[in-house]
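# Topology and contacts: notes
The lines below spell out each chain.
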Amino acid sequence: MALLQAQKISKHFGGLTAVSDLDLMIEQGMIASLIGPNGAGKTTFFNMVSGLYKPTSGRLLFEDKEIGGLRPNRVTIQGIGRTFQNIRLFANMTALENVLVGLNCRLKAGWAGALLRPPTVREEEVKARARAQELLTYVGLGGQGETLAKNLPYGLQRRLEIARALATDPKLLLLDEPTAGMNPQETVDAMALIKRLRDELGITILLIEHDMKVVMGISERITVLDYGAKIAEGTPDQVRADPKVIEAYLGKGVVTGLKGTKNASALLGKQAAAGTGR
Amino acid sequence: MTQSELFIQLLINGVTLGSYLALIALGYTMVYGIIELINFAHGDVYMLGFMISLTFLGFLGVRGTLGGWQLWVVIFGVMLVTMLCTGLINMTIDRIAYKPLRRAPRLAPLITAVGMSFMLENLGMIWKGPSQILYPDIFPAFDIPNGLFGLNTMVLFTTKDVFLMGVTIPLMVVLTLFIRRTKMGKAMRATAQDREAAALMGINVENVIRTTFFIGGALAGAAGMMVGLYLNTGRYLMGFDAGLLAFTSAVLGGIGNVTGAMLGGYVIGFLNAISDQYLSPEWTRAIVFTTLILVLVFKPSGLLGERTPEKS
């Protein structure tokens, strides 16, 4: 079953087309990746799905319900969580409080109840704290509940962002470069965590990633964007072999080994490494 | 009056002035924390609190000092209704004047706020006239040091002072608890730190903004009524004066910081009292604003404010 469906979705910013006529289908229970060179429209697509941008045209269906143009909080309540490319935690709150904010939207107590605190509300609060603690432990932040988010090391901040997103009880989790800036060991751990989210919690995952080792290593389906349009789609092997993908990343002629920027050759190396690993 | 009596009097004056300044300053700082807007109309909402409560007291036909149960029922009944009215007024101001400009450059809502302030002041003038208005002296002023303890002192400390503190301070405590403890309070803190991320956590940001304006307005309304009961006089421009001092308090304490606004209110209150007592009232403004400038030169984020990097 398709959990998320984008049908001919476009986003224009003035004269700039960030995403054009994109069709995309995310099946329930899969780990899918969205890749492409910088400025290809990946994050713009995420912003449309999570409600920060309203699509210029096209339809976005989540569980067969239109979500294009819904406000972000409504989208979250439908069951879509996300993390950001540049970490956006509530820096001056503790790790536990960050997760509690995520749990907020699933609590019933109104503000009057929260102030007067009848037993039902108190019970709900206790449960919420226990659940938040459980989520922290799940992502490996068990002992850091009282640490201010801004004082956590970088790798743990990324994990906290995932815990906070999990707190909103998502069916689909959008991860925007979950391993950016991580060292190789942290990257391996993050990949394991992402896999667990799907295998143990049954959450469908869509991620944007630049690290080809991560992309090729955990995705079951990859969609490649370039200049806002889909240029390739398929399994990691199919995508890796697609000449259009290589061209988009490295430019024409590079395939034959003529010229490549520093980044491009690094990328080639990574792809080769991932390839030999199989 | 001896020197020590003078000093005690100064402390009392500082606390009473500080208490209601802090209450108004909270409205400035909360709104700023959430949407980075200096709501210049906030002081005038305080003025409306004065006038609305005066009108309700008029409906009830209250003229002189009350006693017993009547006193408490009238005061808290009228205060509740006044807070409800000013809260709703502040929410309406946001709805018609600021909400349409939510995505506009910051200067646009700022200028709108100045315009809103003028509108409310003129409304006040048309409603109650341009001259000084008398507010019924319903709270009995009982001289505590002389009457209760039999001290023979010149220090003026009456039940009115106690009442002023007894209302404003608990209101601040309740607000602090509200922000720390409740779901909405948590949503407010989250929204203040990152509006978009908060929305993605399922928080209805517009609802948070509305609530913030409501609470700010209600507190200003309570302050307006308290000042009426305390000073027994006011006029349509009182919001401009108090607003300026309260805004200064918020900036001094670190705008956006709730504890800072309360601290700033008391600091400004004491500064006012010291200057009024030892220098001369004509110099008070100059002293207050010089202090503000000095604090901002050496600690631009205010006393309790944190240095916040520019948002992207």
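Each value, and the rule that gives it
- Residues numbered from 1 in each chain as written.
- Chains lettered and ligands numbered in written order.
- Predicted model: local features only at pLDDT ≥ 70, side-chain atom pairs only at ≥ 80, totals over all residues.
- Helix = DSSP H or I, 4+ residues; strand = E, 2+ residues; numbered from the N terminus.
- Rg over C-alpha atoms; globule rule 2.2 N^0.38 Å.
- Buried ≥ 20, exposed ≤ 12 C-beta atoms within 10 Å, placed from the backbone.
- Contact = placed C-beta atoms within 7 Å.
- Nonpolar A, V, L, I, M, F, W, Y, C, P; charged D, E, K, R; others polar.
- Domains from an automatic or database assignment.
- Axes fitted to C-alpha atoms, helices over the stretch in contact; angles between N-to-C directions.
- Parallel < 35°, antiparallel > 145°, perpendicular 65-115°, else oblique.
- Left-handed = near helix turned anticlockwise from the far one by under 90°.
- Pairing = 2+ DSSP bridges.
- pLDDT = per-residue confidence, 0-100.
- Expected span 1.5 Å × (residues − 1).

## What to know about the overall build of chain B
Check the secondary structure of chain B and you find 12 helices and two strands. When the helices and strands of chain B are read in sequence order from the N terminus, they spell out α-α-α-α-β-α-α-α-α-α-β-α-α-α. Taking 2.2 N^0.38 as the reference for a compact globule, 312 residues should give roughly 20 Å; the C-alpha atoms of chain B span a radius of gyration of 20 Å, in line with that estimate. Referenced to the eigenvectors of the C-alpha coordinate spread, the extents of chain B come out at roughly 60 × 45 × 40 Å. With 312 residues in all, chain B has 49% of them scored as buried. Looking at chain B alone, contacts between residues at least 24 apart form 77% of all its contacts between residues at least 6 apart.

## With respect to the overall build of chain A
A tally of regular secondary structure across chain A gives 11 helices and 10 strands. Within the span of chain A, comprising 278 residues, buried residues form 43% of the whole. Sequence-distant contacts in chain A: of pairs separated by 6 or more residues, those separated by 24 or more amount to 66%.

## Details of the interface of chain A and chain B
Across the boundary between the two partners, chain A contributes 25 residues, which contact 20 residues of chain B. The element that contributes the greatest number of residues to the side of chain A that touches chain B is helix H3 (residues 95-104) of chain A, accounting for five residues. A class-by-class count of the residues in the side of chain A that touches chain B yields 14 nonpolar, seven polar and four charged.

## Let's talk about the domain arrangement of chain A
Residue and element names in this part refer to chain A. According to the domain assignment, chain A contains domain 1 (1-79 + 170-245) and domain 2 (87-169). Taking only C-alpha atoms, the centre of domain 1 and the centre of domain 2 are 26 Å apart. Mapped onto the side of domain 1 that touches domain 2, the elements with two or more residues apiece are helix H2 (72-78) and helix H7 (184-201). Here the side of domain 1 that touches domain 2 takes three residues from H7, the largest share from any one element. Residue composition of the side of domain 1 that touches domain 2, grouped by class: seven nonpolar, two polar and one charged.

## Focus on the packing of helix H3 (residues 68-98) of chain B against helix H4 (residues 107-128) of chain B
To characterise two packed helices, one gives the angle between the axes of the helices and the distance between these axes. Residues and elements named next belong to chain B. Their axes nearest at 10 Å, the elements H3 and H4 cross at an angle of 125 degrees. Considering their axes alone, H3 and H4 lie oblique with respect to each other. Crossing angle aside, the handedness with which H3 passes H4 is right-handed. Facing Ile93, Ala97 and Tyr98 of H3, the residues of H4 in contact are Pro109, Thr112 and Met116. Among the residues making up the contact of H3 with H4, the classes are represented as five nonpolar, one polar and no charged.

## A closer look at the pairing of strand S3 (residues 31-35) of chain A
All names here are of chain A. Buried residues dominate S3, accounting for five of its five residues. Because side chains alternate across S3, one face comprises the buried residues Ile31, Ser33 and Ile35, and the other comprises Ala32 and Leu34, equally buried. Strand direction decides the pairing type here: S3 and strand S8 (residues 204-208), joined by four bridges, are parallel. Bridge pairing links Ser33 to Leu207 in S8. Bridging between S3 and strand S9 (residues 221-226) involves four bridges; their strand directions are parallel. Within S9, the position partnered with Leu34 by the bridge is Thr223.

## Remarks on the environment of Met154 of chain B
All names here are of chain B. Relative to the assigned elements, Met154 resides in the loop between helix H5 (144-148) and helix H6 (159-181). Between the C-alpha atoms of Met154 and Tyr28, which are 126 residues apart in sequence, the distance is 37 Å. Among residues more than four places away in sequence, those in contact with Met154 are Met1 and Glu5.

## Some remarks on the sheet that holds strand S2 (residues 16-27) of chain A
Adjacent strands of a sheet form backbone hydrogen bonds with each other and so pair up, either parallel or antiparallel. Residue and element names in this part refer to chain A. Pairing is antiparallel across the open sheet formed by four strands, whose spatial order is S2-S1-S4-S5. Two strands in the sheet have a free side with no partner beyond their single neighbour: S2 and strand S5 (65-66). Where strand S4 (residues 57-62) meets S5, two bridges bridge the pair, whose relative direction is antiparallel. Bridging from a neighbouring strand, Leu61 pairs with Glu66 of S5.

## Digging into the sheet that holds strand S6 (residues 80-82) of chain A
Residue and element names in this part refer to chain A. Judged by pairing direction, the sheet is mixed, and its six strands sit side by side in the order S6-S7-S8-S3-S9-S10 without closing on themselves. The open sheet is flanked by S6 and strand S10 (229-234), the only strands paired with a single partner. Here the average twist between neighbouring strands, direction ignored, is 20 degrees. Here S6 runs beside strand S7 (residues 172-176); their pairing, made up of three bridges, is parallel. Bridge assignment links Arg82 to a residue of S7, and that residue is Leu174. Against the sheet, H7 touches S3, S7 and S8, its axis set at about 155 degrees to S8.

## Quick notes on unusual backbone geometry
The backbone phi angle of Asp21 of chain A is positive, close to 45 degrees, even though this residue is not glycine. Note that Asp21 of chain A resides in strand S2.

## With respect to the confidence of the model for chain B
Averaged over all residues, the pLDDT of chain B is 90; the fraction at 70 or higher stands at 98%. The ipTM value of the predicted complex is 0.79, and its pTM value is 0.85.

## Some points on helix H2 (residues 42-59) of chain B
All names here are of chain B. Counted at 1.5 Å a residue, the expected span for H2 with its 18 residues is 26 Å, and the 26 Å between its end C-alpha atoms agrees. Counting buried positions along H2 gives 14 out of 18 residues, so the element sits mostly inside the fold. Among the residues trailing H2, Gly61 stands out with phi positive, at a value near 70 degrees.

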